[in-house]
Amino acid sequence: MLNFARLFAVGTGLVSDPGLVQSVSRSGDRTELLKGPLFYVVTLVAATVLCWRDNPAGLIAVAMMCGGDGLADIVGRRWGGAKLPYNSSKSWAGSVAMLLGGWGMSYGLITLFCSLGFFACYPPSAMLGCLGAVALAATLVESLPINQYVDDNVSVPGVAALLSLLLLPQPADMVATAAAAAASSAGAAGLAVAAAAATGAAVGLAGA
Ligand SMILES: C/C(=C\COP(=O)(O)O)CCC[C@H](C)CCC[C@H](C)CCCC(C)C
Ligand SMILES: Nc1ccn([C@@H]2O[C@H](COP(=O)(O)OP(=O)(O)O)[C@@H](O)[C@H]2O)c(=O)n1
């Protein structure tokens, strides 16, 4: 909440903090703090307040935004020569990084929180498949040229959280057999879809 207040105060000009503007914005324009960075912090606060460590949807949303979108930016800027056919400002490399980074970070966070006993543990293979499907959906949303309408620090975690609530059995009504069955079927489908996407991305990279 403090970061929200800080970004809002500096972004609106209520407070002057050239160092913060320089460190957080790309353009050096203070109003940029009211876009991506502010939405980034709002998402972190929302995930914490709404999900805390009880519902994996919050963790997955944060993982897709920080581990996925964040890695896409780094990798895409450096190795993003092969652009996406439907969005020339995004690249295959950035999207593959987003898929793998979001998938890996969400799996790691869920495994950690499960081992700490914060919520029930899902069958690993089923969870990997479900998270793969969520990461793929988040990657597709991130790749779309819609940033002028909705910031990807809202669209990416929003889609990830929504899909997580649909695919992952909720801790409150976790019934082992039903959950395992639901998760494994979704997991298998998710793995297949994610593998197809990774193959497509590799073909795209090879073709470039
Ligand atoms: C620069 C930031 C976002 C850029 O957005 P985009 O337009 O490039 O997509 C983030 C701004 C960060 C903020 C000033 C401070 C946030 C600190 C945070 C509470 C620390 C925990 C983060 C962790 C990864 C959960
Ligand atoms: N899928 C992606 C995402 C980002 N990128 C690169 O990263 C830069 C920043 O991406 P972005 O505009 O989505 O930045 P954020 O607001 O998500 O941080 C883009 O201009 C691309 O150079 C990419 O190549 N492929």
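Before reading on, note that the structure itself is shown above.
Conventions used here
- Residues numbered from 1 in each chain as written.
- Chains lettered and ligands numbered in written order.
- Predicted model: local features only at pLDDT ≥ 70, side-chain atom pairs only at ≥ 80, totals over all residues.
- Heavy atoms only, no water.
- Phe/Tyr/Trp six-rings, centres within 6.5 Å; stacked < 30°, edge-to-face > 60°.
- Buried < 20%, exposed > 50% of the residue type's maximum accessible area, 1.4 Å probe, protein only.
- Near = heavy atom within 4 Å.
- Polar contact = N/O pair within 3.5 Å; in protein donor to acceptor, adjacent residues only side chain to side chain.
- Areas by Shrake-Rupley, 256 points an atom, 1.4 Å probe, with all protein chains shown as cover.
- Helix = DSSP H or I, 4+ residues; strand = E, 2+ residues; numbered from the N terminus.
- Nonpolar A, V, L, I, M, F, W, Y, C, P; charged D, E, K, R; others polar.

A. Looking closely at the packing of aromatic side chains. Throughout the structure, instances matching the rule amount to three aromatic pairs. Between Phe-113 and Phe-118, the aromatic rings sit 5.3 Å apart at their centres with planes inclined by 65°, giving edge-to-face as the arrangement. Judged by relative accessible area, which is 16%, Phe-113 ranks as buried. Each ring, one from Phe-113 and one from Phe-119, has its centre 6.3 Å from the other, and the planes form 25°; the classification is stacked. Per residue, the accessibility class of Phe-113 equals that of Phe-119, and both read buried. Members of the aromatic cluster, connected to one another through ring pairs, are Phe-113, Phe-118 and Phe-119.

B. Layout of the site of ligand 2. Inspection of the region around ligand 2 gives 13 residues, with Arg-26, Asp-73, Ser-91, Glu-142 and Asp-152 positioned closest. Side-chain polar atom of Lys-90 to an oxygen atom of ligand 2: 3.4 Å apart, as the coordinates give it. The protein chains hide 81% of the 520 Å² of surface that ligand 2 would expose on its own. Secondary-structure elements contributing two or more residues to the shell around ligand 2 are helix 4 (56-79), strand 2 (87-91) and helix 5 (92-115). For the shell around ligand 2, a count of residues per class yields one nonpolar, five polar and seven charged.

C. View of unusual backbone geometry. Of note in the backbone geometry, Trp-52 takes a positive phi value of approximately 45° without being a glycine. Here Trp-52 shows up in the loop between helix 3 (36-51) and helix 4.

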